Amino acid sequence: MNIQAPVETSGIRFLKGVGPKKALLLEKFGVRSPRDLLYFFPRRYEDRSHLKTISQVLPGETITLRGKILTVKLKPMRRTRLVEVLIGDETGAIPAIWFNQPYLKNQFQPDQEVIFYGKVDLYQDRLQMISPEYELFDQDQEGIHTGRITPIYPLTEGLFQRSLRTTLREVVQTQLEKSIQEYLTPAFRKEHQLMELSEAIREMHFPSSFQKLDEARYRIVFDEFLLFEMTLLKKIEHMKSKYRASALPIASTWIEDFKKSLPFRLTAGQESALKSLVEDLGKTIPMNRLLMGDVGSGKTVIAAFAALAAVKNNYQAAVLVPTEILAEQHYRTLARFLEAFSIPVELITASTPPARRERLIAELRQSKPMLLVGTHALLQEDIRFGKLSLVIVDEQHKFGVHQRCQLLNMNPRPHQLVMTATPIPRTLALTVYGDLDVSALKELPAGRKPVKTYWITRAKQEDVLLRILQKIQKGEQAYFIFPLIEETEKSDMLAATREYERLKKSVFKDISIGLVHGRLSTEERNRSMQAFNRGEISVLVATSVIEVGVDNPNTTAIVIENAERFGLSQLHQMRGRIGRGVNPSECFLFGEPKTEEGKKRLRILTKSQDGFLIAEEDLKLRGAGDFWGTRQSGEPLFHIANPVLDYEILLKTRKIALDLIHRSARESSPEWRAIQNHLEQFPLRY
Ligand code: ADP
Ligand code: MG
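The rules behind each value
- Residues numbered from 1 in each chain as written.
- Chains lettered and ligands numbered in written order.
- Predicted model: local features only at pLDDT ≥ 70, side-chain atom pairs only at ≥ 80, totals over all residues.
- Heavy atoms only, no water.
- Pairing = 2+ DSSP bridges.
- Helix = DSSP H or I, 4+ residues; strand = E, 2+ residues; numbered from the N terminus.
- Axes fitted to C-alpha atoms, helices over the stretch in contact; angles between N-to-C directions.
- Contact = heavy atoms within 4.5 Å.
- Near = heavy atom within 4 Å.
- Polar contact = N/O pair within 3.5 Å; in protein donor to acceptor, adjacent residues only side chain to side chain.
- Areas by Shrake-Rupley, 256 points an atom, 1.4 Å probe, with all protein chains shown as cover.
- Nonpolar A, V, L, I, M, F, W, Y, C, P; charged D, E, K, R; others polar.
- Parallel < 35°, antiparallel > 145°, perpendicular 65-115°, else oblique.
- Left-handed = near helix turned anticlockwise from the far one by under 90°.
- Buried < 20%, exposed > 50% of the residue type's maximum accessible area, 1.4 Å probe, protein only.
- Right-handed = clockwise from strand over helix to strand, strands pointing away.
- Core = buried A, V, L, I, M, F, W, Y, C linked by side-chain atoms within 4.5 Å.
- Phe/Tyr/Trp six-rings, centres within 6.5 Å; stacked < 30°, edge-to-face > 60°.
- Lys NZ or Arg CZ within 6 Å of the ring centre and 35° of its normal.
- pLDDT = per-residue confidence, 0-100.
- Salt bridge = Lys/Arg side-chain N within 4 Å of Asp/Glu carboxyl O.
- Expected span 1.5 Å × (residues − 1).
- Bend = angle between axes of the 7 residues up to and from the residue.

Undergrad: Is there a simple way to think about the sheet that holds strand E12 (residues 345-348) in this case?
TA: Pairing between sheet strands relies on hydrogen bonds along the backbone, with the strands arranged either parallel or antiparallel. Reading across from one edge, E12-E13-E11-E14-E15-E10-E16 is the order of the seven strands in this open sheet, with parallel pairing throughout. Edge positions in the sheet fall to E12 and strand E16 (437-441), since each has one partner strand and no second. Adjacent strand axes in the sheet meet at a mean angle of 20°, parallel and antiparallel pairs treated alike. Note: strand E10 (residues 288-293) against E16, five bridges, orientation parallel. Within E16, the position partnered with Arg289 by the bridge is Asp437. Where helix H9 (residues 300-312) meets the sheet, it contacts E10, strand E11 (316-320), strand E13 (371-374), strand E14 (388-394) and strand E15 (415-420), and its direction lies at approximately 170° from that of E14.

Below, the structure written as structure tokens:
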């Protein structure tokens with residue numbers, strides 16, 4: 001039997017002018033209820049409010065006219081039919097014409113007053129308007145399509161501007177009172193100069209002036225941020241009160257011993273990160289810290305220290321990393337940092353031999369203190385930690401892991417340290433990682449050389465190859481990188497392979513070259529990487545796999561082909577692979593971006609080495625969209641608020657939210673209660 005799923009009775013399909021078809025289309029925008037529809041705001045506005053007289057009209061202008069219909073004609077043409085409507089005012093007359101829409105003839109009657117909005121053209125020395133937006137003029141009712149600041153809504157196939165606008169008018173007129181209640185107190189609104197909510201929503205759709213529109217937008221943005229901050233802060237409070245972690249007190253002698261064991265002095269940023277760790281880990285409140293620092297800023301040593309604190313306290317610690325190569329590298333590095341402290345460091349990946357895996361599983365269950373480094377293999381069902389107190393996630397540039405890490409679902413809850421190499425611009429940190437405390441490593445370790453970066457067009461590429469050849473003859477090494485984009489993994493691999501063959505036959509014919517790409521087995525890849533790290537291979541041709549973690553200070557040049565296909569932050573990370581040794585390093589971006597924006601992006605890299613600045617620029621050029629990938633629901637966090645552009649309002653509401661929460665802890669606060677009630681009714685999906 002064919003059982004059909006019950007058709008969901010959409011809250012809007014029975015509204016006047018909506019119907020099942022339009023309801024379905026609107027659902028694509030997440031619009032399900034009249035309230036959603038009221039919050040479905042225009043994408044932009046057109047100012048159609050300034051009326052001109054016909055004698056003022058000039059060809060090429062886009063204008064709004066009001067006049068009386070003089071004649072309506074349907075003219076058959078050779079290939080089409082044309083509707084011509086002649087309108088006149090005190091100063092003259094002008095025809096408007098539409099092609100191929102004969103039914104329009106019936107929309108207009110002589111003597112009607114109409115408003116037209118559109119472009120004026122000159123045709124055979126005569127002025128005319130072609131397919132203007134039109135509306136009958138009604139003395140008693142303001143227009144919605146013309147003669148005003150007109151809303152332009154986002155559309156999808158099958159949804160039309162005119163009909164959507166009419167629907168919204170209807171909904172604003174009939175549903176606003178029913179669906180929207182002001183929840184802020186008058187005193188609060190007065191204090192922060194906020195327009196009343198239903199007025200703001202009405203003005204957002206059908207602004208009475210640009211001034212009012214600004215005030216309305218401010219109110220809506222303010223609401224979005226305030227509710228977001230209240231939700232976030234409450235979540236943090238909740239975390240703090242609900243979960244308990246094991247305290248990991250750190251004796252000052254350990255800190256001294258640890259620092260003394262290092263072959264270098266910590267940077268100021270590292271020192272301060274260390275201090276925060278000591279504070280956080282000493283408490284029974286679960287730590288939730290983000291360690292943010294450019295590639296090469298020295299995050300690993302901080303991770304080692306945190307692990308030391310856990311294991312010294314007889315607990316287990318886990319380090320979760322995205323790739324096997326990186327896991328192995330972290331394993332070696334961490335083991336080296338912790339050598340002096342006789343702490344067991346173990347590795348688990350998909351390639352761990354079964355016997356070893358069994359032994360590890362047994363030891364973990366028996367609560368043996370250790371540091372376990374691993375890929376996602378670490379998250380498998382049968383890996384159970386008996387005494388886990390710290391989880392470190394190295395997400396490199398991949399966001400979002402911190403929200404899903406199932407290792408944290410334990411009692412007591414493990415402390416968490418998330419490491420990321422993508423500097424989150426100041427303007428986004430509050431929202432993307434709003435529930436984490438942040439430590440930032442802003443400076444690179446001393447002795448790091450700046451990497452000179454050049455953008456090279458095709459004509460100059462041979463020169464660059466010769467320059468690299470000279471470096472190699474001096475005993476230095478180089479990377480050649482090709483973009484790897486998932487859908488075209490195969491063709492990129494071919495490109496890398498082809499280039500590898502070409503280099504091997506031409507410029508680098510007397511030199512050993514290696515090739516690494518995602519289609520090779522881990523073993524093959526490791527073999528090439530190791531040969532490269534030992535200096536047996538001088539040039540490594542690769543897809544972007546080296547992006548995640550190779551540390552070979554003898555490499556002083558990196559060539560990135562088709563650089564325009566990478567994101568700015570990604571390019572910056574790849575560039576961070578060089579400039580780690582004693583010799584000067586150079587980065588060559590090969591690329592012919594077609595757009596002005598593409599050129600701008602490459603130019604930014606040649607000018608700046610500051611990961612934070614680069615991320616901020618990237619954000620300005622590409623918008624914040626990419627950063628929202630972190631959210632589980634995938635829906636945008638805000639309807640119209642933009643944390644980059646509206647940053648000032650975000651800061652303000654954060655302060656207000658903090659203040660409200662603190663105040664409500666001491667005394668009864670009607671504002672706080674009102675906002676809580678509102679959030680209970682309309683919870684944020686965060
Ligand atoms: P990332 O932040 O990219 O993970 P790493 O932890 O891999 O950076 O550090 C990069 C390199 O810098 C490593 O070789 C590390 O030993 C070294 N390093 C870390 N901190 C310092 C420091 N304070 N002074 C000098 N070298 C350092
Ligand atoms: Mg690292």
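Undergrad: What am I meant to see in unusual backbone geometry here?
TA: A negative phi angle characterises most non-glycine residues, just as the trans form characterises most peptide bonds. Residue Pro412 is bonded to the preceding Asn411 through a cis peptide linkage, with omega at -5°. For Asp125, which is not glycine, the phi torsion reads 65° and is therefore positive. Summarising the element assignment, Asp125 is placed in the loop between strand E6 (113-123) and strand E7 (126-130). A positive phi angle is found at Asn314, which is not glycine, with a value near 70°. Mapped onto the fold, Asn314 is located in the loop between H9 and E11.

Undergrad: How should I be thinking about the site of ligand 1 in this particular structure?
TA: What surrounds ligand 1 is a group of 17 residues, the closest being Arg265, Gln270, Gly296, Lys299 and Thr300. A distance of 3.1 Å separates an oxygen atom of ligand 1 from a polar backbone atom of Gly298. Within the side chain of Lys299, one N or O atom sits 2.8 Å away from an oxygen atom of ligand 1. Relative to its unbound accessible surface of 560 Å², ligand 1 loses 80% to contact with the protein. Classifying every residue of the shell around ligand 1 gives five nonpolar, six polar and six charged.

Undergrad: I would appreciate a short explanation of the packing of helix H10 (residues 324-338) against helix H16 (residues 522-533) in the present structure.
TA: For any two helices packed against each other, the geometry comes down to the angle between their axes and how far apart the axes lie. Axis separation between H10 and H16 bottoms out at 11 Å; the angle between their running directions is 50°. Relative to H16, H10 is oriented oblique. For H10 against H16, the interelement crossing comes out right-handed. When H10 is examined against H16, the residues Glu324, Ile325 and Glu328 are found in contact with a partner set consisting of Thr522, Arg525, Asn526 and Met529. Of the residues contributing to the contact of H10 with H16, the split by class is two nonpolar, two polar and three charged.

Undergrad: Just to check I follow, could you spell out the pairing of E10 for this structure?
TA: Along a regular strand, successive side chains alternate from one face of the sheet to the other. For E10, the tally of buried residues reaches six of six residues, placing the bulk of the element in the interior. By the alternation rule, side chains of E10 split into Asn288, Leu290 and Met292 and Arg289, Leu291 and Gly293, which are all buried. Across five bridges, the pairing between E10 and E15 is parallel. Residue pairing for E15: Leu291 is matched across the bridge by Met419.

Undergrad: Sorry if this is basic, but what is going on with the pairing of E12 here?
TA: Residues of E12 alternate between two faces, with Val345 and Leu347 on one and Glu346 and Ile348 on the opposite face, all of them buried. Where E12 lies against E13, four bridges are found, and the strand directions are parallel. When the bridges of E13 are listed, Val345 appears paired with Leu371. With helix H11 (residues 354-365) bridging E12 and the parallel E13, this β-α-β connection has right-handed handedness.

Undergrad: It is not clear to me how the nonpolar core should be interpreted in this structure. Could you clarify?
TA: Generally speaking, a soluble globular protein has its nonpolar side chains buried in company with each other. Ranked by size, the top nonpolar core spans 57 residues in total, and within it Ile201 and Ile675 carry the most contacts. Of all the secondary-structure elements, those providing two or more residues to this core are helix H1 (19-27), helix H2 (34-38), helix H3 (161-179), helix H5 (197-205), helix H6 (210-242), helix H20 (647-666) and helix H21 (670-681). It is H6 that provides the largest number of residues to this core, a total of 13 residues. With residues up to four places along the chain from it excluded, the contact list for Ile675 reads Tyr183, Leu184, Leu226, Leu227, Met230 and Leu660. Grouped together as the second largest cluster of nonpolar side chains are 44 residues, Leu281, Phe305, Leu347 and Leu417 included.

Undergrad: Where do I start with the packing of helix H17 (residues 568-575) against helix H18 (residues 596-607) in this structure?
TA: At a minimum axis separation of 10 Å, H17 and H18 run at an interaxial angle of 35°. Crossing of H17 over H18 shows right-handed handedness. Facing H17, whose interface residues are Leu568, Leu571, His572 and Arg575, H18 presents Arg601, Leu602, Ile604 and Leu605. Classifying every residue of the contact of H17 with H18 gives five nonpolar, one polar and two charged.

Undergrad: Can you help me understand the packing of aromatic side chains in this one?
TA: Note on aromatic pairs: each is described by the distance of the centres and the angle between the planes. The final tally for this structure, using the stated rule, is 18 aromatic pairs. Ring pairs connect the aromatic residues Trp98, Phe108, Phe116 and Tyr134, which therefore count as one cluster. Taking NZ or CZ as reference, Arg66 lies 4.2 Å from the ring centre of Phe137, over its face. Sitting over the face of the ring of Tyr134, Arg162 holds its NZ or CZ atom 3.9 Å from the ring centroid.

Undergrad: Explanation requested: the confidence of the model for the chain in the structure shown.
TA: Reading fine detail from the predicted coordinates is not recommended where pLDDT is low. Averaged over the chain, the pLDDT score is 86; the fraction of residues at 70 or greater is 91%. Segment residues 399-403: pLDDT under 50, and 20 contacts once partners within four positions in sequence are set aside and those in other chains are kept. Across residues 626-634, where pLDDT falls below 50, the model places 22 contacts with residues more than four positions away in sequence or in other chains.

Undergrad: Before we go on, may I ask you to explain the pattern of salt bridges in this structure?
TA: Pairs can form between side chains of opposite charge whenever their charged atoms are close. One pass over the structure, following the stated rule, counts 29 salt bridges. One salt bridge in this structure joins Glu133 and Arg162, with 3.6 Å as the shortest N-O distance. One end of the pair, Glu133, is in strand E8 (residues 133-136); the other, Arg162, is in helix H3, with 29 residues separating them in the sequence. Judged by its relative accessible area of 27%, Arg162 is partly exposed.

Undergrad: I'm lost on H3 in this one. Help?
TA: Count 3.6 residues to each turn of an α-helix, and residues three or four apart come out pointing the same way. The end-to-end C-alpha distance of H3, which contains 19 residues, comes to just 23 Å, noticeably less than the 27 Å that a straight helix rising 1.5 Å per residue would cover. At Gln173, H3 is bent by approximately 40°, the largest bend along its length. On its buried side, H3 packs onto H1, H2, E8, strand E9 (149-152) and H5.

Undergrad: I keep staring at H21 and nothing clicks. Help me out?
TA: Given a rise of 1.5 Å per residue, 12 residues ought to cover 16 Å, and the 17 Å separating the end C-alpha atoms of H21 matches this to within 8%. Burial in H21 covers these residues: Glu671, Ala674, Ile675, Gln676, His678 and Leu679.

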